[in-house]
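# An overview of the molecular structure
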There are 4 protein chains.
Amino acid sequence: MLILMKSNAGADQLEAVAARVRELGLTPHPLQSSSRTVVGVTGEYNGLDPAVFSALAGVSKVMRLSAPFKLAAREFHVDDTVVDVSGVKIGAGQKLCIMAGPCSFESEAQVMAIAHAVKDAGAGIMRGGLFKPRTSPFTFQGLRDDGFKLMQAVRSETGLRFVTEAVDERSLALVEEHADMIQIGARNMQNFALLKKAGQAKKPVLLKRGMSATLDEWLTAADYILSEGNSQVVLCERGIRTFANHTRNTLDLSVVPAVKELSHLPVIVDPSHGTGMRNYVPPMALAAVAAGADGIMVEVHNDPEQAKSDGAQSLFIEQFTEMARRIPEVARAVGRDF
Amino acid sequence: MLILMKSNAGADQLEAVAARVRELGLTPHPLQSSSRTVVGVTGEYNGLDPAVFSALAGVSKVMRLSAPFKLAAREFHVDDTVVDVSGVKIGAGQKLCIMAGPCSFESEAQVMAIAHAVKDAGAGIMRGGLFKPRTSPFTFQGLRDDGFKLMQAVRSETGLRFVTEAVDERSLALVEEHADMIQIGARNMQNFALLKKAGQAKKPVLLKRGMSATLDEWLTAADYILSEGNSQVVLCERGIRTFANHTRNTLDLSVVPAVKELSHLPVIVDPSHGTGMRNYVPPMALAAVAAGADGIMVEVHNDPEQAKSDGAQSLFIEQFTEMARRIPEVARAVGRDF
Amino acid sequence: MLILMKSNAGADQLEAVAARVRELGLTPHPLQSSSRTVVGVTGEYNGLDPAVFSALAGVSKVMRLSAPFKLAAREFHVDDTVVDVSGVKIGAGQKLCIMAGPCSFESEAQVMAIAHAVKDAGAGIMRGGLFKPRTSPFTFQGLRDDGFKLMQAVRSETGLRFVTEAVDERSLALVEEHADMIQIGARNMQNFALLKKAGQAKKPVLLKRGMSATLDEWLTAADYILSEGNSQVVLCERGIRTFANHTRNTLDLSVVPAVKELSHLPVIVDPSHGTGMRNYVPPMALAAVAAGADGIMVEVHNDPEQAKSDGAQSLFIEQFTEMARRIPEVARAVGRDF
Amino acid sequence: MLILMKSNAGADQLEAVAARVRELGLTPHPLQSSSRTVVGVTGEYNGLDPAVFSALAGVSKVMRLSAPFKLAAREFHVDDTVVDVSGVKIGAGQKLCIMAGPCSFESEAQVMAIAHAVKDAGAGIMRGGLFKPRTSPFTFQGLRDDGFKLMQAVRSETGLRFVTEAVDERSLALVEEHADMIQIGARNMQNFALLKKAGQAKKPVLLKRGMSATLDEWLTAADYILSEGNSQVVLCERGIRTFANHTRNTLDLSVVPAVKELSHLPVIVDPSHGTGMRNYVPPMALAAVAAGADGIMVEVHNDPEQAKSDGAQSLFIEQFTEMARRIPEVARAVGRDF
């Protein structure tokens, strides 16, 4: 930790800072530059809030030397984590994982038609919302509990694994029981109570990036899950909120190599929510693969024009099939075995 | 609702859109401009997801004519709502409300010292975190249940009302039972499960704006609470996330007149989280009052340099007292009785 | 300057960094913390690009201890600068300065009607665009050279000073010759060629903040002007670009106390461009005064409904007069003599 | 154009709006929905500022049905534009174009070493700054005029074409005379005076996207160039400014398919400025190709650790060569002939 003093800080303020450092069992190392003084702090300060020093008189700011996340950090866990979703493996050195399905489960006919199509095109995991965190209380909220039977039917007919979102303690318990993977949505990325419950679950977790989350915050949210004992976490980039308005969100693909550098966790990309526009999904899915993602998650619908939610960003089945055909080629072009 | 067709949309696509509109019991009104066609839609379409149309072939985009929120809208509820926090009233025509206190409750000595000071300076409601939604699982998480006794002691000694944050179903029940007002934090603004529970509570709710929430999304989150029967909601601006890095967040004071125009709900401002820097809090609190806010919420600490969290943004008691002295003067200067 | 090594940096990489520091005539001070090494750098490194070190192997990042701006910094120029606009003074300790006028000069009748009205209400400086940097080449580009005669007529009839925008070398020469203050617009804040010309001019400069400029970048742009010898620079906040869509830009009032802390230059606020909506202008202007701004700049029109540009954000004359009446009261409430 | 009335707008206000529409020679088409009225406007209104209506009483907002840009729009120019840079062609159906070189020209040895290396790896155009728009006036500003001789030497030895940035009228004339392509940098994207000069030049223009430019604004900036008669414009995405801090900017690859949909102009991507970090450049360059870009522009240096600017984002020659080897494979995987 480094404590940067203000340029007009006095010697007494510097001494008070050093005293506070020592009081906490740490060692201060003042370094005088031409314009101001910086105090390096050494010792064991895990869990110490930097604000402890930033509140002191004469302090300009406090800089951490280490990342705020620990368990998700590659620094302390060099080998890539491989996450096992009921036999489908996600991570470095594994086949690229395709997750696909409708935004929401609507009916058996819909679900089965999509399931067979995405299975045939190469998907390993089906997605489909049962509990929908809708922005407005007046719109369709999902099939909820009734959807789990459909999920079982899909699984036994196609062998696809299943991932769906949990939005509270109750739905998390149901998803843990019935699905293969628990999704934590972007709006709940800092719902720490829910993260802890996900950390106690016995199923892998797909943790979407919050709309305004920095990479540090996202990996620290993963720490909430990991610190409860669940090591099976896959990260999912799904677009951040910016001023740009040609897409619904701005898909931040640069986060893929950044996650690979800073963390051992697998990372996939969701270009459907990331763009909100069907025609931009295939190019952005292929770009995600080229950037090094471990998988993609896309919305597909057998009849997008009749979908109850997110139809505009759902691929037609033929679009999905065409895109899925190109994915292994792009993967190989960047040196990854599909 | 308006459905904007693409410039190259064909007559058959236009007809398919019109047919879908009629199928939903609504009436299409096509209007041909020089460059493209727009279809006005009339009829009763409350709760209809605009995506129903945006997924159709040839559609460029769908625009709502009405706001997505209903119950929070001034359009349907012209008179200003006044929220009653155990006798302290917040809203248009009321005295400006000052909420003040530490980031977190730490000890009885701390809490009592601050309570007396803020009471003397004119605060009506005390704030103080018991359940802290901390970004990292490794930092101080609050006194939790033990804090409620302190709260009662404060209340009986000073008469201050009390607001504190609930982070899940369990803490919400405790806060509802013991405090005067339930705070929903920025990170949970779209935790819809929690919003519904708050809507079922018998205490008023302080709903903070999410870090990346548009005004529409914020008011729609308020609708989640209102639609469960709780009409006592106060909005709180606390800074949004932008590229600007001279403050921790960017305090968006323009949202104050915007809320006043679009909603009947009271709105207050939290410049402590909004700036993250102690010295910027008083000018921004006074600016909030000048912009027309119904109150302010600030962090104050009897010894910020020893605070367990957020010390850098906590006011010294003398700073708070000096600021509180100016607030009525600014309120009067903009035509509001303090 | 601090050079933060990567956690896995080797001893040889550390040595190479230290060697490069010494090669540049500076002194390295390595400090070993538990997780990584940081190298403090002391000596005379004005103008040294931090990238010189960030490119070295094993370096994680380089942090400046001092701000990138020098001449605009309060650190090296403690006393507040007062800018003199042909006798109208702007800055700490001066009367709050009101600049008002239409977006663009359109006709003599328009200009004179507005000039008399704003003069009567208390404005000291008139604004009015002659050279308009319009987003589209197909919209009204301003009266251009013809406007200067109108400006002279206004000046002799009312005594108002005049500020208008320069967009290139040629218009800058004209504005310098005929107006009292040269405005550099937000879109040209990093047009360094234009900034240098403004620095060579003999008239004060109003430097608007770029739509996506950090405070550091803005003050560094001021350095471009100051370093050419022109010490008369006033900063103007006019809203930044964010995701928020209830206003055209997000007015960042927190930059006012931040400028006051970091710089000696005066700072004013333009709530017209900052919000883009007429009804939000008066509350935000009053908020700017409460936050400590040295002045405000607003758009006023005698007939906004017929304005050739920016009518929606132009105040009616009565709105302006009512707002101007409250400004001294707010100024006094925050301890400033109007 | 659509004029959306406020929900509480009166019949007289609606009539006044309709009257204003007719006064401008256009036809109003009022459409009454349940909650409010919208007025469609038909007729010839090219160049009409929507603000003409948004300033009227009772108007909530005005929506354009057509894009603000015309000449850059695919709507009016269906076929893809191919830009010819002294024989190197850029655009749909052409070989993917690689532009590479140092941030700045520093010396003959540096320039020649890099030129031969990038030529051998497959680049067609060399980049290299002569006039540097540096954020601070105290840092290296480029070789300026002296660099043109080096450029000629490169061209005759290697056959590489040359692109470099112009920052004002004078440098633009020099770049037009000596280089093969004129670059307009991100900071000058809305320097309309410079855009017009570029539009009068006889060489193709590379127009970088401004840091906070929407797609509409970028294409409208292209209109400034096109409207002066220069049809040879290539767009270049180089990252936008967001809250995300793991990269210097956020590379917005979704703009590639969006440009392809809305415009006929070629679009390339600069992942060096887009990320600011050397190790993220190759994955993002490959992702850009997968997303459908017509080319990439990257910074390469023979000795990044000694570079005078931007060393941290410059590729080592071996990194560049390895990346360039993969580009044709990714291009083919997404159906494009390299």
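Note that the coordinates shown come from a computational prediction; the quantities given were computed from them, not determined experimentally.

### Regarding the relation of the copies chain A and chain B
Superposing chain A onto chain B takes a rotation of 180 degrees plus a shift of 0.0 Å along the axis, which leaves an RMSD of 0.0 Å. The superposition operator between the copies reduces to a two-fold rotation axis. Within chain A, the C-alpha atom positioned nearest to the axis of rotation is that of A:S212, 3.0 Å from it. A share of 100% of interface residues in chain A that are also interface residues in chain B marks the association as one of identical surfaces.

### Overview of the relation of the copies chain C and chain A
Rotating chain C by 180 degrees and moving it 0.0 Å along the rotation axis overlays it on chain A with an RMSD of 0.0 Å. Of all interface residues in chain C, 100% are interface residues in chain A too; the two copies therefore contact each other through one and the same surface.

### Considerations on the interface of chain A and chain B
Between chain A and chain B, the contact holds 51 residues from the first and 51 residues from the second. Buried surface at the junction of chain A and chain B, summed over both partners, amounts to about 3,800 Å²; 49% is from carbon and sulfur atoms. A salt bridge links B:E217 to A:R241; its shortest N-O distance comes to 2.6 Å. Viewed at the interface, chain B and chain A are joined by 9 residue pairs in polar contact (both at pLDDT 80 or more). Ranked by the residues each element gives to the side of chain A that touches chain B, the list is headed by helix 7 (residues 215-226) of chain A, at 4 residues. Looking at the side of chain A that touches chain B residue by residue, the class counts come to 18 nonpolar, 17 polar and 16 charged.

### Description of the domain arrangement of chain A
Much of the literature gives interface size as the accessible area that the parts lose upon coming together. Domain parsing of chain A yields domain 1 (2-63) and domain 2 (83-333). Spacing between the C-alpha centres of domain 1 of chain A and domain 2 of chain A amounts to 44 Å.

### Some details on the sheet that holds strand 3 (residues 37-42) of chain B
In a beta sheet, neighbouring strands are held together by backbone hydrogen bonds and run either parallel or antiparallel to one another. All names here are of chain B. Strands sit in the order 2-3-1-4 across an open sheet of 4 strands; the sheet is antiparallel. This sheet does not close on itself; its edge strands, each paired only once, are strand 2 (27-32) and strand 4 (59-63). The average angle at which neighbouring strand axes cross in this sheet is 20 degrees, direction not considered. Bridge analysis of strand 1 (residues 2-5) against strand 4 gives 4 bridges, and the strand direction is antiparallel.

### A short note on the pattern of salt bridges
According to the stated counting rule, one finds 64 salt bridges over all chains in the structure shown. Where B:E329 meets B:R325, a salt bridge forms, and the shortest distance between an N and an O atom there is 3.7 Å. Taken together, the residues span about one helical turn, with B:E329 and B:R325 both in helix 11 (residues 317-333) at a distance of 4 residues. What makes B:R325 partly exposed here is its relative accessible area of 44%. When the shortest N-O distance is used, the salt bridge between C:D294 and C:K260 registers 2.5 Å. Taken together, the residues span a long stretch of sequence, with C:D294 in the loop between helix 10 (281-291) and strand 14 (295-299) and C:K260 in helix 8 (residues 255-262) at a distance of 34 residues. Note on C:D294: relative accessible area 0%, which makes it buried. A relative accessible area of 21% means that C:K260 is categorised as partly exposed. Salt bridges here are not isolated pairs; linked through shared partners, they connect A:E322, A:R325, A:R326 and A:E329.

### Side note on the sheet that holds strand 8 (residues 125-127) of chain A
Residue and element names in this part refer to chain A. Pairing within the closed barrel is parallel, and its 8 strands lie in the order 7-8-9-10-11-12-13-14. Across the sheet, the mean angle separating the axes of adjacent strands is 25 degrees when strand polarity is ignored. Pairing geometry for strand 12 (residues 233-237) and strand 13 (residues 267-269), over 3 bridges, is parallel. Residue pairing for strand 13: L235 is matched across the bridge by V267.

### Let's talk about the interface of chain C and chain A
Each partner contributes to the interface: chain C provides 24 residues, whereas chain A provides 24 residues. Regarding the contact of chain C and chain A, the summed buried area is about 1,900 Å², with carbon and sulfur atoms giving 67% of it. At the surface where chain C touches chain A, the tally comes to 2 salt bridges. In this structure, A:E75 and C:R36 form a salt bridge, with 3.1 Å as the shortest nitrogen-oxygen distance. The tally of links between chain C and chain A comes to 2 residue pairs in polar contact (both at pLDDT 80 or more).

Analysis parameters
- Residues numbered from 1 in each chain as written.
- Chains lettered and ligands numbered in written order.
- Predicted model: local features only at pLDDT ≥ 70, side-chain atom pairs only at ≥ 80, totals over all residues.
- Heavy atoms only, no water.
- Least-squares fit on C-alpha atoms with pLDDT ≥ 70 in both.
- Contact = heavy atoms within 4.5 Å.
- Buried area = accessible area lost by both parts, 1.4 Å probe.
- Salt bridge = Lys/Arg side-chain N within 4 Å of Asp/Glu carboxyl O.
- Polar contact = N/O pair within 3.5 Å; in protein donor to acceptor, adjacent residues only side chain to side chain.
- Helix = DSSP H or I, 4+ residues; strand = E, 2+ residues; numbered from the N terminus.
- Nonpolar A, V, L, I, M, F, W, Y, C, P; charged D, E, K, R; others polar.
- Domains from an automatic or database assignment.
- Pairing = 2+ DSSP bridges.
- Axes fitted to C-alpha atoms, helices over the stretch in contact; angles between N-to-C directions.
- Buried < 20%, exposed > 50% of the residue type's maximum accessible area, 1.4 Å probe, protein only.

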